[in-house]
Structures are given as C-alpha cells and as structure tokens.
Amino acid sequence: EVMTHLTCVGSKKSEINNFLKEVKENNIDNILALRGDVPVGETEEIYDRGDYKYASELISDLRQNEKFSSLSIGAAFYPETHYQNNDLVDLFHLKNKVDSGVDFLVSQMFFDNELFVKFRENAEKLDINVPLIAGIMPVTNAKQIKRIIELSKCPKKLEKLIEKYGDNPDSMRKAGIMYASEQIIELFAYGIKGVHIYTMNKAENAKEIIKNIAFLR
C-alpha cells in the first residue's frame, strides 16, 4: 500500500493542494506529512517564504480541507530528540502534530531500543496515544556510517560491528542486516506493533530482514 511523503518547506498552499489533487487522482490514501529539511543551496530563511513553518500547520490544513479529510495522515518523530530541540520541546511539538489530526507516527532511524521504549513512555504521559512505528535502518556499507553517527547515537555494540566489519563490504552488509533484525525482534518483545524499514532503495535488504523475523508472525 502506497504512502507518499509530503514536505511543506517553502511551499505555498496552492502548490500543496495541486499535489494532493494528483495524489487523490492516483487513488493514494496515505500521506506522511513532513516539514522537510532545508534544500541544498538554501538557508533556513526558506521556512519564512512558504505558507507552512511546521508540519503541524500542514496537518491541520489537511484535516480542515473537506476534499482531503479522508486521507490517512502520518507524521515523523525522533526517539533521540530532534537535533534542533531538547526532549521536552520535541514532545511538545509532537503533541501539537498529534492534536492537529495525525493517525500514526513513524520514527527517524535509531539504533538503541531502550531510547525508543523510554520515548514511548514519555509520549504516553502526554496522552500521545496514536500508534508509534519504529523506523529501522540496516547499516550495510561504510559510506553510511559517518552520516549515521552524526544523526543518531551509536551504541557500543554497533560501534564494535563497524570496527570489525566496516572495511569488508559483504561482511558489513550481513552484520548490519543481522543487527537490524535483532533490533526488530527485541522491539516486538517490548510490544511495539509496527516497524518501518529504511532500505535506501535496497529492496533485497528488507527481504532478508523479513525472512529473519518471519517466525514472529
């Protein structure tokens, strides 16, 4: 089932409406509503040039538009806290998104399940009760490693895998897929009901992970 990603950074309402008309014409019912990162070559001033500064504004607009009210809307969250916020501010913004009409939430990639579980506990205290879907990304090649460590905390266990297998592409791929598979198995044990695999257009990685966790069904 298709879910289109919709970013609103620098966008006018007319542009968003035209895009959504195309979405509906193609029988797509699921939207992941995102603010979006600053495009290459732009500065953060772009947030002031469009009609939306935050994803919550986009979500609210979608919910109030009768033409698109039937869409299932998801939004993003950061188990490790967004790099521009602290954890309390991050939860406050997330609560705003949920109250604006979100049906479910998908997390940014993370590598420490304890952080995800702790985030869920804090979210529940704020009555954020929509489904939380865990975003899992297998670390499968050395080129990913530097950027991944910049974005997410790297547990000691993953550091050791990278140290041992990072210079061997085939071994790193296999180790990364196994690490991601074990992450999912543990998350299911914690009662997490949904997982989204970030494959970076490598469908075979997702297939291997699904094969590894098939016994959980």
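Everything numeric in this text was worked out from a predicted model, so none of it was measured. (Residues numbered from 1 in each chain as written. Predicted model: local features only at pLDDT ≥ 70, side-chain atom pairs only at ≥ 80, totals over all residues. Heavy atoms only, no water.)

Visitor: Account for the environment of D51, naming residues and giving values.
Guide: Along the chain, D51 turns up in the loop between β2 (30-34) and α2 (55-64). Residues D51 and F111, spaced 60 residues apart in sequence, show a C-alpha to C-alpha distance of 35 Å. Non-local contacts of D51, meaning those with residues more than four positions away in its chain, are made with S11, K12, K13 and E57. Side-chain polar atoms of D51 contact the backbone nitrogen of K13, separated by 2.8 Å. (Helix = DSSP H or I, 4+ residues; strand = E, 2+ residues; numbered from the N terminus. Contact = heavy atoms within 4.5 Å. Polar contact = N/O pair within 3.5 Å; in protein donor to acceptor, adjacent residues only side chain to side chain.)

Visitor: Now, about α2: what can you tell me, with residues and values included?
Guide: The complete set of buried residues in α2 reads A55, S56, L58, I59 and L62. Looking down the long axis of α2, one finds its buried residues gathered within 160 degrees of arc, a one-sided arrangement. (Buried < 20%, exposed > 50% of the residue type's maximum accessible area, 1.4 Å probe, protein only. Arc of directions from axis to C-beta.)

Visitor: Outline unusual backbone geometry, supporting the account with residue identities and numerical values.
Guide: One non-glycine residue with positive phi stands out, namely N27, at about 60 degrees. Position of N27 among the secondary structure elements: in the loop between α1 (13-25) and β2. Of note in the backbone geometry, M200 takes a positive phi value of approximately 50 degrees without being a glycine. Relative to the helices and strands, M200 is located in the loop between β6 (194-197) and α8 (203-212). Its relative accessible area of 53% is what places M200 among the exposed residues.

Visitor: With reference to specific residues and values, describe the side chain of N205.
Guide: Mapped onto the elements, N205 comes out in helix α8. With relative accessibility at 3%, the residue N205 sits in the buried group. Ignoring any residue separated from it by four or fewer positions in sequence, one finds N205 in contact with P138, T140, R173, I177 and T199.

Visitor: Before we move on, can you summarise the packing of helix α6 (residues 156-165) against helix α7 (residues 169-189) with the specific residues and values?
Guide: If you want to describe how two helices pack, look at the angle between their axes and the distance between the axes. Orientation of α6 relative to α7, taken along the N-to-C sense of each, is 165 degrees, at an axis distance of 9 Å. Classified by the interaxial angle, the pair formed by α6 and α7 is roughly antiparallel. Seen from above, α6 lies across α7 with right-handed handedness. Residues K157, L158, L161, I162 and Y165 of α6 form the contact with α7, whose participating residues are S171, M172, A175, Y179 and E182. The residue makeup of the contact of α6 with α7, split by class, is seven nonpolar, one polar and two charged. (Axes fitted to C-alpha atoms, helices over the stretch in contact; angles between N-to-C directions. Parallel < 35°, antiparallel > 145°, perpendicular 65-115°, else oblique. Left-handed = near helix turned anticlockwise from the far one by under 90°. Nonpolar A, V, L, I, M, F, W, Y, C, P; charged D, E, K, R; others polar.)

Visitor: Any details on the nonpolar core? Residues and values, ideally.
Guide: The biggest cluster of nonpolar side chains holds 40 residues, and the ones touching the most others in it are L20, I31, L58, L105 and F116. With four residues, the top contributor of residues to this core is α7. Counting residues in hydrophobic clusters, the runner-up holds 11 residues, among them F111, M137, C154 and Y179. (Core = buried A, V, L, I, M, F, W, Y, C linked by side-chain atoms within 4.5 Å.)

Visitor: Lay out the packing of aromatic side chains in plain terms, naming residues and giving numbers.
Guide: Enumeration over the complete set of coordinates arrives at three aromatic pairs. A centroid spacing of 5.9 Å and a plane angle of 55 degrees characterise the contact between F77 and F116, whose relative ring orientation is tilted. On the criterion of sequence distance, the pair formed by F77 in strand β3 (residues 72-77) and F116 in helix α4 (residues 113-125) is long-range, its members being 39 residues apart. Comparing F77 with F116 shows no difference in burial state: the two are buried. Judged by centre distance (5.0 Å) and plane angle (20 degrees), the rings of F110 and F116 are stacked. Of the two residues examined, F110 and F116, each falls in the buried class. Through a chain of ring-to-ring contacts, three or more aromatic side chains come together here, namely F77, F110, F116 and F119. (Phe/Tyr/Trp six-rings, centres within 6.5 Å; stacked < 30°, edge-to-face > 60°.)

Visitor: Break down the pairing of β3 for me, with residues and values.
Guide: Within a regular strand, side chains alternate between the sheet's two faces. Most of β3 sits inside the fold, with five of its six residues counted as buried. In terms of strand pairing, β2 meets β3 through four bridges, oriented parallel. Bridge assignment links I31 to a residue of β3, and that residue is I73. For the crossover from β2 across α2 to β3, the handedness is right-handed. The pairing of β3 with strand β4 (residues 104-107) spans four bridges and is classified as parallel. Directly across from A75, in β4, lies its bridge partner L105. (Pairing = 2+ DSSP bridges. Right-handed = clockwise from strand over helix to strand, strands pointing away.)

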